[in-house]
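Analysis of the macromolecular model
Residues per chain, in single letters:
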Amino acid sequence: MVAAAALAFIGLALFQLHLQRYERAVSGGPPARVLVTTLDVEAGERLTREVLAVRQVPEAFVEERHVRLGDLEAVLGVRAEHAIPRGVALRTSDVDPADGRLQALSGLLEREGRAVTLRTNAETFNSLVRRGDRVDVMLTADRPATRGATQQVTRLLVQDAKVLAVGDVVRAENETATGARSSFRDITLEVDIVDAGRLHHASQRGTIRLAIREPEDDTRLRELPMTDDDTLFDPLGADEG
């Protein structure tokens, strides 16, 4: 009786989780906060807090050129490239391209964030990464053993890092480089100061790999897993036996 009640409770919980995900998908996903104008802005006028407000929009309906709340400090004081009507969402194309603050890495960082650029070796895979993606970072390197031998291991280093730039250019999320995007090997990530040191050291030890996250996945493992030959092949050998 108790077991049946427990199974029924688990089934109900799973159904509720599925229903919540379905509702998010139908409604356009979780809300994103973008900047909108509260007054008509003339061409050449500087953007101030008085003419900007925040609006919540379902993530699925947010254009990649929209300026999000996190970029507010970067657009304050920037001149409007052209007239912007009242009540419309601010886009990166609305601000003066001669003012580089919106495109500067420092303007994209959250408080206490650090921008770290990594040279990766997975060229074809990294061509799929774009600004705004969330990624996990893994290192594959030789780990010295106590008896003088070395063993190659792969270790998860950083979880849920935001991609600030791909290559040597900071772009809006939907913009791509012409022709040579697939040749980019430098990825700039936003991490905290501790992970910044870990990534700098790791980049000198072995090969860096990235794993792209699903946009709504914010889970983090408490213990960072490590894979070596033993964990990779021993289970296979046990099955064969």
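Everything numeric here is computed off the predicted structure, so don't read it as measured data.

What counts, and where the lines are drawn
Residues numbered from 1 in each chain as written. Predicted model: local features only at pLDDT ≥ 70, side-chain atom pairs only at ≥ 80, totals over all residues. Heavy atoms only, no water. Salt bridge = Lys/Arg side-chain N within 4 Å of Asp/Glu carboxyl O. Helix = DSSP H or I, 4+ residues; strand = E, 2+ residues; numbered from the N terminus. Buried < 20%, exposed > 50% of the residue type's maximum accessible area, 1.4 Å probe, protein only. Arc of directions from axis to C-beta. Contact = heavy atoms within 4.5 Å. Polar contact = N/O pair within 3.5 Å; in protein donor to acceptor, adjacent residues only side chain to side chain.

With that out of the way, let us pick up the pattern of salt bridges. Scanning the model with the defined rule gives five salt bridges in all. Among the ionic pairs, Asp 160 bridges to Arg 134, the shortest N-O distance being 3.1 Å. One end of the pair, Asp 160, is in strand E5 (residues 150-166); the other, Arg 134, is in strand E4 (residues 134-144), and 26 residues separate them in sequence. According to the relative accessible area criterion, Arg 134 is partly exposed, its value standing at 28%. Of the charged contacts, one joins Arg 198 and Asp 195 as a salt bridge, the two residues approaching to 3.6 Å between their closest N and O atoms. Here the residue Arg 198 and the residue Asp 195 both occupy positions in helix H4 (residues 193-202), the gap between them amounting to three residues, near one helical turn. Taking the relative accessible area as the measure of exposure, Arg 198 reaches 33% and is therefore partly exposed. One salt-bridge network, in which partners are shared between bridges, spans Arg 134, Asp 160 and Arg 220.

Burial in H4 covers these residues: Asp 195, Ala 196, Leu 199 and Ala 202. Each buried residue of H4 lies within a common arc of 135 degrees when the element is viewed along its axis, so the set occupies one face. Turned more than 90 degrees from where H4 packs its buried face, Ile 193, Val 194 and His 201 sit exposed. Looking at the buried side of H4, the elements it contacts are strand E3 (114-119), E4, E5, strand E6 (186-191) and strand E7 (207-212). In this structure Asp 192 caps H4, since a side-chain oxygen of it lies 3.1 Å from the backbone nitrogen of Val 194.

Shape descriptors only; they carry no functional weight alone.
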